[in-house]
Every structure is written in C-alpha cells, then in structure tokens.
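# Reading the structure
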Amino acid sequence: LARIQTDSVVMMLRELYPDLHFEIAVAMSTTGDRILDTALSKIGEKSLFTKELESALERNEVDLVVHSLKDLPTSLPPGFTIGAVCKRENPLDAVVFHPKNCGKTLSLLPEKSVIGTSSLRRAAQLKKKFPHLEFRDIRGNLNTRLKKLDEKEDFSAIILAAAGLKRMGWENRIGQLLGPEDCLYAVGQGALAVEVRAKDQEILNMVSALHDADTVLCCIAERAFMKHLEGGCSVPVAVNTLLKDGQLYLTGAVYSLDGSDSLKETMQTGVSYPHQNEDGPNDDVQHVGITAKNVPGQAQEAAENLGVELASLLLSKGAKHILSVARQLNDAH
C-alpha cells in the first residue's frame, strides 16, 4: 500500500513537472511494520511508521516522503513539515467479511462472532454499537490481514480503512461501509501527506501544488482537535468533518476502551477567506505540522481554532478523565 500511495503522488508530480526526474529510491520498513506481534497502541511510539523515513529525509537521501496522514503525529520533529495534503479518498471505515459471511452486515452476524481490528478507536465505538460481537487484535499489512481473514476461521470480519482498500484496487471486498452514525473515523484518515524538509523552499514550492484546499482545512481542524486533547494511538479519539458552503463542521469524540463512556460534540466555523499574497516570513507558517502556502492563512487559522475549541469543550466536560483511564487500562493490559 505504501508503494502504491507513493507511486500515485509521483504520478501527480510527473504530470505537473514533466521536465523533472523523480526516482522512488528507497522502500523502507519502519518500527510499526516490523513489530507485528504487539498491538499498535502498546508499542507506545508516536512516530511508529515515520521515524526511519524522517532520518533519510534529514540525511538528504530522499527529498520527500509519502505517508498516510493518519500515521503522522500532530507534532513533527523540528526541521520537517507536511508540504502537501492530497485530495482525500473516502475517509470511512469498511467491513470486510469472511467469505462465509458474504452479504451480511455487522448487526446480522451471529452472537460472539470475532471481529479483527488493531484500532482502539474502532473497537470502542463498535463494542458499544454491536454488543453481541467480540473484538480481537489483528496486525500486519493489508495483504496479511486479508489472508488471515480468508484462510483461517479466526475472524468473521475485519475492519479496515476504505481508502486503503480502494487504493489497492480491492474495493469489491468492502461488505459494509461504516457511516458516522456507526463509527467516526481517525484524524487524517483517507488523506496522503507529503513530508519534506521545512527549510527546503524549492521542494516545498514544488509539492505545494498537490495541496487540496478542502482536505487541508478538514485535516488541520482534525489534527488541532487531536493535539489539544493530547490523543495518540493509545487512546480512542475519533472525528468526522464536512466542508459545505464555506462552513467547516467538525464532530469530535473520545471514548473509554469498551465504549461505555463517551463524549461527542459538533462545532462549526466559516472558512471562506480570500487568498492574500502573504510574501515573506508568513510563508512558512505551520498549522499542526502542515505548511500550505496556497490555502488562505485566515482559513487555516479558523480551522485550527475550531479543532482547539472543540477539544476544549470536550475537556471541560470530562474528556481528560475518559482518556487517562483509557490510557492506563491500555498500558496495564
């Protein structure tokens, strides 16, 4: 999947800059790829899928790195920035059923059916929604997880991001899409991010052409929400964003591990601002790690403030307690 995502970004760049030569120099495995016998939320490292790639960027071995935005921590190490956020693929979660359960939905699966997911966020929401099901950890890349599902009888279904399945060309495996009423998605889910060296103006200018303004504003709001809550892999935090008629709507929620305790709110803000040419030092303003020169600065600020305000609202209603209990329980397991 990482290779397909990288290829798709390089294809867009080749179309924009036919005279430039792009080489996919390195395929690397990261800590998150290598440790497959431990739940993601237990490894406890915020930059599970990014650290090794950033080292190559720092040493000038590569000029840009393509990530799933949801794998990138809300605070990047000094010297790096997200230079492009590409147009978002469907951000929803999808259910892939064992061949014997084809045509079913989660609510129709028999009592005590086992569902595979490595995400605390998915498990927390779905346990509450479908109390008759059991949730168990499943790790590995997409191919590995689908193989585990198809070839063994351990799982009745697994939950994956629809975007990954779509990019792999496996859309036909999606048995059920989980809408916001069933399962809010992860911060940044479905969007690709291009990470670059923050001081490398030439590369930054080049990749910024890939920014999709709507996706940038949605993801800034989501990342600001997560950052203000201090959420990461080890706690269930979820979002849903909608940009319509110049209004950005952000729904954010936090959950206890079993989903029994939760807080969820929606807020909105206006984001239709004219683009001003902000030459000079303002050029490099980052919003939760994203540098988007071609998206109006005021709109980015409004999106970031929306995320912070929504997080503050949830914190004022007791989100900190829910999250710290979830974190302690997860660490204790």
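Chains are numbered independently. Their residues run from 1 in the order of the written sequence. Whole-chain, interface and lining totals are the exception, using all residues; otherwise, since this is a predicted model, local features are given only for residues with pLDDT of at least 70 and side-chain atom pairs are given and counted only at 80 or more. Neither water nor hydrogens contribute to the side-chain values; these are computed over all heavy atoms in the structure.

### Concerning the overall build of the chain
We count a stretch as a helix when DSSP gives it H or I for four or more residues in a row; a strand needs E for two or more, and each element gets its number in order from the N terminus. The helix and strand inventory of the chain stands at eleven helices and eleven strands. Accessibility here uses a 1.4 Å probe with only protein chains present; expressed as a share of the type maximum, an area under 20% marks a residue as buried, one over 50% as exposed, and anything in between as partly exposed. Counting across all 333 residues of the chain, residues that qualify as buried make up 52%. A separation threshold of at least 6 residues defines the contact pool for the chain, and within that pool the share at least 24 residues apart is 71%. Roughly 15400 Å² of accessible area belongs to the chain as shown, and the carbon and sulfur atoms make up 50% of that amount. Here, residues are in contact when the closest pair of their heavy atoms is within 4.5 Å. Surface exposure here means Shrake-Rupley accessible area, sampled with a 1.4 Å probe, where a residue is shielded only by the protein chains that are shown.

### Notes on the sheet that holds strand β4 (residues 114-116)
Across the sheet, five strands lie side by side as β5-β4-β6-β3-β7; this open sheet has mixed pairing. Pairing within the sheet leaves two strands with one partner each, and these edge strands are β5 (134-136) and β7 (176-178). The sheet shows a mean angle of 30° between the axes of neighbouring strands, direction not considered. At least two bridges found by DSSP between two strands is the condition for calling them paired. Note: strand β3 (residues 93-97) against β7, three bridges, orientation antiparallel. Looking at β7, one finds that Val95 is bridged to Gln176. Axes, fitted as lines to C-alpha atoms, cover a helix only where it is in contact. Angles between the N-to-C directions of the axes lie from 0 to 180 degrees. Against the sheet, helix α5 (residues 120-129) contacts β3, β5, β6 (157-161) and β7, and its axis sits at roughly 125° relative to β6. Helix-sheet contacts for helix α6 (residues 142-151) involve β3 and β6, and the interaxial angle to β6 is about 165°.

### Considering the pattern of salt bridges
Salt bridge, as applied in this entry: a Lys or Arg side-chain nitrogen positioned within 4 Å of an Asp or Glu carboxyl oxygen. Taken as a whole and assessed by the stated rule, the structure comprises 13 salt bridges. In this structure, the salt-bridge partner of Glu153 is Lys100, at a minimum N-O distance of 2.8 Å. Taken as a pair, Glu153 in the loop between α6 and β6 and Lys100 in the loop between β3 and β4 lie far apart in primary sequence, 53 residues in all. Across the pair Asp182 and Lys129 runs a salt bridge whose closest N-O atoms are separated by 3.4 Å. Of this pair, Asp182 sits in the loop between β7 and β8 (192-197) while Lys129 sits in helix α5, and the two are 53 residues apart along the sequence.

### Focus on the nonpolar core
By size, the foremost hydrophobic cluster in this structure holds 45 residues, and its most contacted members are Leu69, Ile82, Phe225, Leu229, Val237 and Val254. Going through the elements one at a time, β2 (80-85), α9 (213-229), β9 (237-244), β10 (247-255), α10 (297-316) and α11 (319-332) are the ones with two or more residues in this core. For this core, the leading source of residues is α9, giving ten residues. Take the buried residues of types Ala, Val, Leu, Ile, Met, Phe, Trp, Tyr and Cys, join any two whose side-chain atoms come within 4.5 Å, and each joined set is a nonpolar core.

### Observations regarding the sheet that holds strand β1 (residues 65-68)
Strand order across the open sheet formed by three strands is β1-β8-β2, with antiparallel pairing between neighbours. Taken across any chain shown, the strands that pair with only one partner, and hence form the sheet edges, are β1 and β2. Between one strand and the next, the sheet's axes are offset by a mean angle of 40°, whatever the strand orientation. Bridging between β2 and β8 involves five bridges; their strand directions are antiparallel. Note that in β8 the partner of Ala84 across the bridge is Val194. The sheet contacts of helix α1 (residues 2-16) involve β1 and β8, and relative to β1 the element is tilted by about 125°.

### Thoughts on α11
A helix is expected to span 1.5 Å for every residue after the first. Taking 1.5 Å as the rise per residue, α11 with 14 residues should run 20 Å; its terminal C-alpha atoms sit 20 Å apart, in good agreement. Along α11, the residues that are buried comprise Ala319, Ile322, Leu323, Ala326 and Asn330. Around the axis of α11, the buried residues are gathered within 90° of arc, so they sit on the same side. In α11, the exposed positions angled more than 90 degrees off the buried face are occupied by Lys320, His321, Gln328, Asp331 and Ala332. The arc in question is traced by the directions running from the helix axis to the C-beta atoms.

### Digging into the confidence of the model for the chain
Overall, the predicted model of the chain reaches an average pLDDT of 90, with 89% of residues at or above 70. Scored below 50 in pLDDT, residues 42-47 makes twelve contacts in the model with residues more than four places away or belonging to other chains. pLDDT expresses, on a scale from 0 to 100, how confident the predictor is about each individual residue.

### Things to note about the pairing of β10
In terms of burial, β10 is a largely internal element, seven of the nine residues being buried. The pairing of β9 with β10 spans eight bridges and is classified as antiparallel. Among the inter-strand pairings, Ala238 is bridged to a residue of β10, identified as Ala253.

### Some thoughts on unusual backbone geometry
Of note in the backbone geometry, Lys112 takes a positive phi value of approximately 65° without being a glycine. Following the sequence through the fold, Lys112 ends up in the loop between β3 and β4. Of note, the phi angle at Asp245 is positive, near 50°, even though the residue is not glycine. Structurally, the position occupied by Asp245 is in the loop between β9 and β10. Here Asp245 falls in the exposed class, since its relative accessible area comes to 73%.

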